[in-house]
Amino acid sequence: MPLMRLDKYLSECTALSRSRLREIIKNGSVCVDGVPVTAPEQKLDSDAAHVSLDGKPVRYEKFCYYMLNKPSGLLSATDDKKQKTVIDLFPAELRKKNLFPVGRLDKDTTGLLIITNDGEFAHRVISPKSEIVKTYRACTESPVDDADVEAFRQGIVLADGTQCLPAGVEKLPDGSCLVRVMEGKYHQVKRMLASRGKPVTELKRLSIGALELDKSLLPGQFRQLTEKELCSVNKKK
Ligand code: URA
């Protein structure tokens, strides 16, 4: 039973400051399980309590999960002294939830990036042991061929001798290709294709497991994942 102070609970669910919330609570605008509570320090069970503010229910969610269409030019990091990060796209009231990106996309890579504050979830998504396939569309200087498909299937050996797990590459009609990998080594897709003499000129992540990037999200836009989408991350397409 996770016990939490009422003012802390409300500050995690709303954009209001702790001091403003203390005033609101003292004014009698907050009910817990239907009963007005005027003590900000009152403890409640954050999993079970029904809290309302001015009659409207306020739900506490320990973890949050967003899908971001990462634009080019931002770092996949939480903060950086000099450069903008993907977390800078989020408003202050969400940033206070300790959000971070699940894995990294390079600064010039675009597309699907999950942003969360759930460390265990992130670890599971990133770990090759989970066998979650990440799908990218890559533009290369010249199109991939059958020999590349076979080399990916066998497992590419990178220029520095690193052995990659078996992966997939598929030529698309426009000359670009789809790459499917289960691991996330540094610059992995770019290095795999470069090792085949096909340097990448553009890279976009389209899906993680069965979770696809919402095409209606413009670069830089994000939205919460639905329950169903969250479950689809662990599923095969
Ligand atoms: N592989 C890369 O080379 N870069 C990315 O950003 C993601 C996968």
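Our subject is the structure listed above.
Fair warning: this is a prediction, and the values are worked out from it, not measured in the lab. (Residues numbered from 1 in each chain as written. Predicted model: local features only at pLDDT ≥ 70, side-chain atom pairs only at ≥ 80, totals over all residues. Heavy atoms only, no water.)

J.: Sorry, what's going on with the site of the ligand here?
T.: Lining the immediate surroundings of the ligand are Leu 105, Asp 106, Thr 109, Tyr 136, His 187, Gln 188, Val 189, Lys 190 and Leu 203. Here an oxygen atom of the ligand and a backbone polar atom of Gln 188 are 3.4 Å apart. Val 189 has a polar backbone atom sitting 3.1 Å from a nitrogen atom of the ligand. In the complex, 95% of the free accessible area of the ligand, which totals 230 Å², lies under the protein chains. With three residues, helix H6 (residues 188-195) is the single largest residue contributor to the shell around the ligand. Counted by class, the shell around the ligand contains four nonpolar, three polar and two charged residues. (Near = heavy atom within 4 Å. Polar contact = N/O pair within 3.5 Å; in protein donor to acceptor, adjacent residues only side chain to side chain. Areas by Shrake-Rupley, 256 points an atom, 1.4 Å probe, with all protein chains shown as cover. Helix = DSSP H or I, 4+ residues; strand = E, 2+ residues; numbered from the N terminus. Nonpolar A, V, L, I, M, F, W, Y, C, P; charged D, E, K, R; others polar.)

J.: Hey, could you run me through the environment of Cys 231 in this one?
T.: Turning to its location among the elements, Cys 231 is positioned in helix H7 (residues 227-232). Sequence separation between Cys 231 and Gly 209 is 22 residues, and the spatial gap between their C-alpha atoms is 9.6 Å.

J.: Would you mind going over the packing of helix H1 (residues 6-13) against helix H2 (residues 18-26) with me for this structure?
T.: In contact at an axis separation of 9 Å, H1 and H2 are set at 120° when each is read in the N-to-C sense. Viewed along their axes, H1 and H2 adopt a mutual orientation that is oblique. The handedness of the crossing between H1 and H2 comes out as right-handed. On H2, the residues touching Leu 6, Asp 7, Lys 8, Leu 10 and Ser 11 of H1 are Arg 18, Leu 21, Arg 22 and Ile 25. (Axes fitted to C-alpha atoms, helices over the stretch in contact; angles between N-to-C directions. Parallel < 35°, antiparallel > 145°, perpendicular 65-115°, else oblique. Left-handed = near helix turned anticlockwise from the far one by under 90°. Contact = heavy atoms within 4.5 Å.)

J.: When you look at the pattern of salt bridges in this model, what are you seeing that I'm missing?
T.: Scanning all chains against the criterion turns up 18 salt bridges. Its salt-bridge partner being Lys 190, residue Asp 108 comes within 2.7 Å of it at the nearest N-O pair. In this pair, Asp 108 sits in the loop between strand E8 (100-101) and strand E9 (110-116) while Lys 190 sits in helix H6, placing the two residues 82 residues apart along the sequence. Sharing partners across several salt bridges, the network here consists of Arg 5, Asp 7, Arg 18 and Arg 22. (Salt bridge = Lys/Arg side-chain N within 4 Å of Asp/Glu carboxyl O.)

J.: Sorry if this is basic, but what is going on with the nonpolar core here?
T.: Note on soluble globular proteins: their nonpolar side chains tend to be buried together. Among the nonpolar cores identified, the biggest contains 29 residues, and Leu 99, Ile 115, Phe 152, Val 179, Met 192 and Leu 193 are the most heavily contacted of them. Of all elements in the fold, only strand E7 (65-70), E9, strand E10 (134-140), helix H5 (146-154), strand E12 (177-181) and H6 reach the threshold of two or more residues within this core. The contacts of Val 179, once residues within four sequence positions are left out, are Lys 134, Thr 135, Tyr 136, Phe 152, Gly 168, Val 169, Val 189 and Leu 193. (Core = buried A, V, L, I, M, F, W, Y, C linked by side-chain atoms within 4.5 Å. Buried < 20%, exposed > 50% of the residue type's maximum accessible area, 1.4 Å probe, protein only.)

J.: Could you clarify how one ought to interpret H1 in this entry?
T.: For an α-helix, 3.6 residues make a turn, and residues three or four places apart therefore share a direction. Three or more residues of H1 are buried, namely Leu 6, Asp 7, Tyr 9, Leu 10 and Ser 11. If you follow the buried residues of H1, they end up packed against strand E1 (3-5), H2, strand E2 (30-32), strand E4 (43-45), strand E5 (51-53) and strand E6 (56-58).

J.: Can you help me understand the side chain of Asn 69 in this one?
T.: Within the secondary structure layout, Asn 69 lies in strand E7. Look past the residues within four positions of Asn 69 in its chain and what remains in contact with it is Gly 111, Leu 213, Leu 217, Leu 218, Pro 219, Gly 220 and Gln 221.

Structural measurements only, silent on function.
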